[in-house]
Amino acid sequence: MDEPVGCVALNNLVAVTRPNFFPLAIVIVVAALAAAFYAHRTFNGIDAILVLIGAILLHASVNAYNNYFDYRSKIDHRTLKTPFSGGVDLIVKGSVKPSAAFAVASVCLLGAAIIGAYFLERFLALLLPMMIFGAFAIVLYSPILSKIPAVSEILAGTGFGLMGLGAYVTQAGVMDATGFSILVPVTILVALLLFLNEFPDSEIDEGAGRRHLVILLGKSRSAWVYVAGLVATYVSILISIAVKAAPPAVLVALVTAPIAYKAGRTTVQNYDRTNELIPALGTNVIVILATILLLAVGFAMGTFL
């Protein structure tokens, strides 16, 4: 039996937010909450739920705006669609109207802003700069900021890193070294998520005026930059332990290093062969989600050990 037209339309509106990527926002918030509990032995369940909802709404807004602006710039007409890159073609196929995608993105951003306003009452000085940065980055990323040389990856990474730091602040009430032990690895990992996903579409992106690092450096050098980013992630975790911002139990996050090695090797060997590179995109997602989740596990273990 066919689905009712209304259900299909609703499913398409949800799909334009790319919910399969929401686990990223979820693990970031979980890691931040675990870090806050480790450092300050504090947990507010209502605030945790609100932060989680806000993070998912922000991620949904980012994805929907990107799909809208990629349609407007004609990028979505030409990109190779993979499970990890290239966006979705719902607007291109006419399944979702461009105006509807823009509305979904705006409603999600408004919902996140309302939740943010709730927290601003208590943490104005700490959270307001992050929220202003995030709002500008979300709305202006695709139409303007992605065309500024070498800004794309930094903005994406920093935006999600600040999501983690902001979630930490809502529980801890302060911005300290433990909060930064979430900010730094999350920033690097999310930047790497976007960075590697740019490889298959770099020529199309360049034609649309984008100036991300893969275009500026070329794929060969970018492959080694990706490897360096993976190394930097694990180094940042080790530093956080060395300065006592994180417990030794956070070493559990290094369990993903062999998987990261596989992703790096595949990228270096196949940077210019898209079909052979696609498995590395999937492995990269596993590395990012698992490493952040294991940070949460490490902080939880450190609380009780």
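Sequence order as written defines the numbering, with residues in each chain counted from 1. Note on the predicted model: pLDDT of at least 70 is required for a residue's local features to be given, and 80 or more for side-chain atom pairs to be given and counted; whole-chain, interface and lining totals, by contrast, use all residues. For side-chain calculations, the full set of non-hydrogen atoms in the structure is used, while hydrogens and water are omitted.

Right, let's talk about the overall build of the protein for a bit. When helices and strands are counted, the protein shows eleven helices and zero strands. Strands are runs of DSSP state E lasting at least 2 residues, helices are runs of H or I lasting at least 4, and numbering of each runs from the N terminus. Reading the protein from its N end, one meets helices and strands in the order α-α-α-α-α-α-α-α-α-α-α. In this treatment the radius of gyration is a C-alpha quantity, and the globule benchmark scales as 2.2 Å times the residue count to the 0.38 power. For 305 residues, the compact-globule formula gives about 19 Å, and the C-alpha radius of gyration of the protein, at 19 Å, lands near that figure. With respect to the three principal axes, the spread of C-alpha positions in the protein is 55 × 45 × 45 Å. Burial statistics for the protein: of 305 residues in total, 51% are counted as buried. Across the protein, contacts joining residues at least 24 apart in sequence account for 77% of those joining residues at least 6 apart. Partly exposed residues are those whose accessible area sits between 20% and 50% of the maximum for their type, while under 20% is buried and over 50% is exposed, using a 1.4 Å probe and protein chains only. Here a residue-residue contact requires only that any non-hydrogen atoms of the pair lie within 4.5 Å.

Here the focus is the layout of surface pockets. Taken as a whole, the second largest pocket holds about 170 Å³ of empty space. Each cavity reported here is a set of points on a 1 Å grid over the protein atoms alone in which a 1.4 Å probe fits but cannot get out, each pocket an open set with protein on both sides within 12 Å along at least five of seven lines, and each lining residue one with an atom within 4 Å of a point. Around the second largest pocket, the lining residues are Glu153, Ile154, Thr158, Thr187, Ile188, Ala191, Leu192, Phe195, Leu213, Val225 and Gly229. Looking at the lining of the second largest pocket, the elements that each hand over two or more residues are helix H5 (152-172), helix H6 (177-197) and helix H9 (219-242). At five residues, the largest contribution of residues to the lining of the second largest pocket is made by H6. Classification used: nonpolar for Ala, Val, Leu, Ile, Met, Phe, Trp, Tyr, Cys and Pro, charged for Asp, Glu, Lys and Arg, polar for all others including Gly. Of the residues contributing to the lining of the second largest pocket, the split by class is seven nonpolar, three polar and one charged. Grid points are joined across faces, edges and corners, and a volume is the space filled by probe spheres set on the points.

Residues lying three or four places apart along an α-helix face the same way, a consequence of the helix completing one turn every 3.6 residues. With 28 residues, helix H3 (residues 45-72) extends 41 Å between its outermost C-alpha atoms, agreeing within 8% with the 40 Å of an ideal straight helix rising 1.5 Å per residue. Pairing of N or O atoms within 3.5 Å defines a polar contact, subject to two protein rules: one partner must be a possible hydrogen donor and the other a possible acceptor, and residues neighboring in sequence count only if both atoms are side-chain atoms. Capping of H3 at its N-terminal end is provided by asparagine 44; its side-chain oxygen lies 3.1 Å from the backbone amide nitrogen of isoleucine 46. In this analysis, the expected span of each helix is defined as 1.5 Å times one less than the number of residues it contains.

A separate point is the side chain of asparagine 270. You can see asparagine 270 is positioned in helix H10 (residues 257-270). A polar contact is formed between the side chain of asparagine 270 and the side chain of arginine 273, at a distance of 2.9 Å. For asparagine 270, the contacting residues outside a window of four places in its chain are Glu276 and Leu277.

Let us now look at the packing of aromatic side chains. Each Phe, Tyr or Trp ring (for Trp, its six-membered ring) is paired with any other whose centre lies within 6.5 Å, and the angle between the two planes then decides the class: stacked below 30 degrees, edge-to-face above 60, tilted in between. For the structure on display, the rule yields eight aromatic pairs. Taken together, a centroid distance of 6.5 Å and an interplanar angle of 40 degrees make the contact between phenylalanine 37 and phenylalanine 304 tilted. You can see phenylalanine 37 sitting in helix H2 (residues 22-40) and its partner phenylalanine 304 sitting in helix H11 (residues 274-304), a full 267 residues away along the chain. One aromatic cluster in this structure is built from Tyr65, Tyr68, Phe69 and Phe102.

This paragraph deals with the confidence of the model for the protein. The predictor reports its confidence for every residue as pLDDT, a score running from 0 up to 100. For the protein, per-residue confidence averages 92 on the pLDDT scale, and 94% of positions sit at 70 or higher. Mean pLDDT across the secondary structure elements of the protein bottoms out at helix H1 (residues 5-15), with 82, and peaks at H2, with 98.

What follows concerns H5. For H5, which comprises 21 residues, the first-to-last C-alpha distance of 30 Å matches the rise-based estimate of 30 Å (1.5 Å per residue) to within 8%. Across the 21 residues that make up H5, a large majority, 18, are buried. Phi turns positive one or two residues past the end of H5, at glycine 173, with a value near 80 degrees.

The next thing to look at is the side chain of threonine 17. By secondary structure assignment, the location of threonine 17 is in the loop between H1 and H2. Residue class for threonine 17 comes out buried when judged on its relative accessible area of 5%. Here the side chain of threonine 17 touches valine 14 through a polar contact of 2.5 Å, landing on its backbone oxygen. Beyond its immediate stretch of four places on either side in the chain, threonine 17 contacts Phe22, Ala60, Asn63, Ala64 and Val104.

The next point concerns the pattern of salt bridges. We count a salt bridge whenever a side-chain nitrogen from Lys or Arg sits within 4 Å of a carboxyl oxygen from Asp or Glu. Inspection of the entire model under this criterion finds five salt bridges. Glutamate 203 is the partner of lysine 219 in a salt bridge, and the nearest nitrogen-oxygen pair spans 3.4 Å. One end of the pair, lysine 219, is in helix H9; the other, glutamate 203, is in helix H7 (residues 202-207), with 16 residues separating them in the sequence. Sharing partners across several salt bridges, the network here consists of Asp70, Asp205 and Arg210.

Interaxial distance between H3 and helix H4 (residues 98-140) falls to 7 Å at its minimum, and their mutual angle equals 140 degrees. Between H3 and H4, the interaxial angle falls into the category oblique. Relative to H4, H3 is oriented so that their crossing is left-handed. Looking at the contact of H3 with H4 residue by residue, the class counts come to 25 nonpolar, four polar and two charged. Interaxial angle, 0 to 180 degrees, is taken between N-to-C directions of lines fitted to C-alpha atoms, where a helix line uses only the stretch in contact. For classification purposes, an angle smaller than 35 degrees is called roughly parallel, one larger than 145 roughly antiparallel, one from 65 to 115 roughly perpendicular, and anything else oblique. Two helices crossing with the near one rotated counterclockwise from the far one by less than a right angle form a left-handed crossing, whereas a clockwise rotation gives a right-handed crossing.

This next bit is on a nonpolar patch on the surface. Within the patch definition used here, like charges are joined within 9 Å and nonpolar side chains (Val, Leu, Ile, Met, Phe, Trp, Tyr) within 5 Å, considering only residues with over 30% relative accessible area and no salt bridge. Areas reported as accessible are Shrake-Rupley estimates using a 1.4 Å probe. Residue values count occlusion only from the protein chains shown. Together, Ile26, Val30, Leu293, Val297, Met301 and Leu305 make up an exposed nonpolar region whose accessible area comes to about 500 Å². Breaking the nonpolar patch down by element, the ones donating at least two residues are H2 and H11. Tallying contributions element by element places H11 first for the nonpolar patch, with three residues. Counting through the fold element by element, leucine 293 comes out in helix H11. For leucine 293, a relative accessible area of 40% corresponds to the partly exposed category.

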